[in-house]
Amino acid sequence: MTDSQSTSPSLENLLHETRAFPPSPEFAAQANAQASMYDEAATDRVEFWARQARELVTWKTPFTQTLDWSEAPVAKWFADGTLNAAYNAVDRHVEAGLGDRVAIHFEGEPGDTRTVTYADLQREVSRAANALAALGVTAGDRVVIYLPMLVESVVAMLACARLGAAHSVVFGGFSADALRSRISDAGAKLVITADGGYRRGAPSALKPAVDEAIAPKDGEPATTVEHVVVVRRTEQDVAWTEGRDVWWHDAVEAADTFHEPAWVDAEHPLFILYTSGTTGKPKGILHTTGGYLTQTAFTHKNVFDLKAESDVYWCTADIGWVTGHSYIVYGPLLNGATQVIYEGTPDTPHRGRWWEIVQKYGVSIFYTAPTAIRACMKWGEEIPAEFDLSSLRVLGSVGEPINPEAWMWYRRVIGSDRTPIVDTWWQTETGAIMISPLPGVTAAKPGSAQVPLPGIAATVVDDEARPVPDGGGGYLVLAEPWPSMLRGIWGDLQRFKDTYWSRFPGIYFAGDGAKKDDDGDIWLLGRVDDVMNVSGHRLSTTEIESALVSNELVAEAAVVGAADEVSGQAVVAFVILRGEHADQASTDEGSARIEKTLRDHVAKEIGPIAKPKRILVVAELPKTRSGKIMRRLLRDVAENREVGDATTLADSSVMNLIQTGLAKPTEDEN
Ligand code: WT7
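This text gives an overview of the structure that appears in the document. This structure is a prediction, so every number in the text was calculated from the model and none was measured. (Residues numbered from 1 in each chain as written. Predicted model: local features only at pLDDT ≥ 70, side-chain atom pairs only at ≥ 80, totals over all residues. Heavy atoms only, no water.)

1. A closer look at the packing of aromatic side chains
Aromatic rings in a pair are described by how distant their centres are and how their planes are angled relative to each other.
1) Next: Applying the stated criterion to the full structure yields 35 aromatic pairs.
2) Next: For the pair Trp 314 and Tyr 342, a centre-to-centre distance of 6.3 Å together with 85° between the ring planes defines the contact as edge-to-face. One end of the pair, Trp 314, is in strand E16 (residues 312-315); the other, Tyr 342, is in strand E17 (residues 338-342), and 28 residues separate them in sequence. Here Trp 314 and Tyr 342 have matching classes, each one buried.
3) Next: Here Tyr 475 and Phe 509 contribute two aromatic rings whose centre-to-centre distance is 5.8 Å and whose plane-to-plane angle is 85°, an arrangement assigned as edge-to-face. On the criterion of sequence distance, the pair formed by Tyr 475 in strand E22 (residues 473-478) and Phe 509 in strand E24 (residues 508-516) is long-range, its members being 34 residues apart.
4) Next: Relative accessible area serves as the criterion here: at 9%, Tyr 475 is assigned to the buried category.
5) Next: Feature note: the residues Trp 69, Trp 482, Phe 496, Tyr 500, Trp 501 and Tyr 508 constitute an aromatic cluster, connected by ring pairs.
6) Next: In this structure, Arg 232 packs its charged tip against the face of Trp 247, placed 5.0 Å from the ring centre. (Phe/Tyr/Trp six-rings, centres within 6.5 Å; stacked < 30°, edge-to-face > 60°. Helix = DSSP H or I, 4+ residues; strand = E, 2+ residues; numbered from the N terminus. Buried < 20%, exposed > 50% of the residue type's maximum accessible area, 1.4 Å probe, protein only. Lys NZ or Arg CZ within 6 Å of the ring centre and 35° of its normal.)

Listed below in structure tokens is the structure:
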């Protein structure tokens, strides 16, 4: 039924091999989360969220309506309330006397550091808001942010929010082409970027991609961008367009430190974040203000057990992904947390860098992805053992199913066999965590995200939308609206309805396969659509196929996600060359050259994260009689498995052909 990956646990084995980890009595006695929250929410789900919204968010005008579902599937939460996201993340803490609390310990990859208090952040965000306003940004505009992990990245997002302009952050690893399509789709007025950032010990460039992305191209006019604001990080030389380009430090340092936030309606757009879907075109996921802030603050406080006065929190995500939005910027700052932001990679200049940072700042709550944990497992436990990790008290995981081996390693080696682990399931679309154990309440099961949070109606259904009994498998759905749910796909209401609400009419289909064990706990089994999950990043098979066929060498392409020890899945591409190029693949040297050309081409079209790990040149692709590529069979080949049932193939000899022609694995240079 589900196209589950081999990183997914085999439920039967697991239930025998693993035990549950009940919370320690000491932890439970101090925990923010309480078992009674489930009952409260079950009694009146909508009122439960209204209470969270009143407690965790400061409103300029209090709301009187909680949920309006009359225009389903577009929800309105707290619609008649007004507020400002930046005021909630920063100013109100300063007003409460917490201006001297550290908001951000910044650690640059080269080892430079910066400490930013909430009072500093208030001044910086206010200045940046004034600077952007002077460049013409007003409420309702869209601003694209294309930055590395810097303090300025957080400031830039909050400055937009302060003005009521929606930010659309584009991950710095995306190419100029990918950036261009996002800028155009959002109709952005301004782009905030940097000369570059430090990555793997060297400066990398960002500004050239922006210059390319907004220039006229192939008959397409220049984009709507009026100004490019550039943060100086690396002292690289940059090309400069007078009148259009502005240095961040020139604009921001000259600006006034007072700025009155724009008080917006709860349903005012806060951000757009593009994510891959099953077609070639990325979707601009739209989030609004009041409900999003409520659920990110609630989940950050209760899932991570945040004690703002004493904890040091660190989420290793990049702000280019939703995890960075919800659990670096909005959730933690709304809760007044002190956090670490690190610019670089875990292995620069050495493989203990993360653990050195944990030791240096006394990190107590740590949130990362299974792929990173598996990479650390591979590097060896003697590396973390060199550092003092005793400050850690809660560990989190996100982005893909965490296999029980990695879970156990994480708890034993990083968590000293002591810390709770929260395996958090959610999506760009859900805005905030939806399924997770609650530390201090839930007895954790390695490999399972387990329980919908209080107020969340996540369940597993069969093909006919009937809830499966305990022990059954099917599709993960969300049966009731939640505060931080997406409000649509930017500019495409129909696609929003078709993508999420048509498979099971009236309920949200997440795209994931899932099972319920005999206790009713939920186990995620991976995507059931043409979406891959590589190192916790979502990639579309169709998008990569389109990139491949846009190269003159390629006649046809099929892409699959094949199980991979470290990254969860790896991109494997099968390509048919155009007739005139076909004989180029007949020598080892020729096929190596083709593979390199095509990998570079995908990097240029989408970004290095989408580069196929392997490219196999084949003479034909397995297709059904109706012409649909049977990816299941290709996945069997890519995973070196015996090929499954091929009886529906139009031409059953194709699979023999592909297997005999199997090329050797290409070196991963990502
Ligand atoms: C997809 C969403 C949520 C932020 C990072 C990814 C997978 C996410 C888990 C988890 C199993 C997970 C799902 C989901 N996923 N967390 N704890 N266990 N799978 O956000 O790029 O929107 O991807 O990531 O397949 O649908 P995203």
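2. Focus: the environment of His 227
1) Next: Here His 227 shows up in strand E11 (residues 227-231).
2) Next: Sequence spacing of His 227 and Val 246 is 19 residues, and the spatial spacing of their C-alpha atoms is 7.2 Å.
3) Next: Apart from residues no more than four positions distant in its own chain, His 227 is found in contact with Leu 135, Lys 189, Leu 190, Val 191, Gly 243, Arg 244 and Val 246.
4) Next: A distance of 3.5 Å separates a polar side-chain atom of His 227 from the backbone oxygen of Gly 243.
5) Next: A distance of 3.1 Å separates the side chain of His 227 from the backbone oxygen of Arg 244, its partner in a polar contact. (Contact = heavy atoms within 4.5 Å. Polar contact = N/O pair within 3.5 Å; in protein donor to acceptor, adjacent residues only side chain to side chain.)

3. Considerations on the sheet that holds strand E4 (residues 102-107)
1) Next: Reading across from one edge, E5-E4-E17-E16-E18-E19-E20 is the order of the seven strands in this open sheet, with mixed pairing throughout. Unpaired on one side and paired on the other, strand E5 (113-117) and strand E20 (421-424) mark the two borders of the sheet. When strand polarity is set aside, the average angle formed by the axes of neighbouring strands in this sheet is 20°.
2) Next: Inspection of the sheet shows E4 paired to E5 by five bridges, in the antiparallel sense. (Pairing = 2+ DSSP bridges. Axes fitted to C-alpha atoms, helices over the stretch in contact; angles between N-to-C directions.)

4. Focus: unusual backbone geometry
A negative phi holds for most residues other than glycine; trans holds for most peptide bonds.
1) Next: Of note, the amide linkage connecting Ala 72 to Pro 73 takes the cis form, showing an omega dihedral of 5°.
2) Next: Look at the link from Thr 348 to Pro 349: it is a cis peptide, with omega at 0°.
3) Next: Its location among the elements puts Pro 349 in the loop between E17 and helix H13 (353-361).
4) Next: Of note in the backbone geometry, Asp 417 takes a positive phi value of approximately 60° without being a glycine.

No statement about biological role is implied by the geometric values presented.
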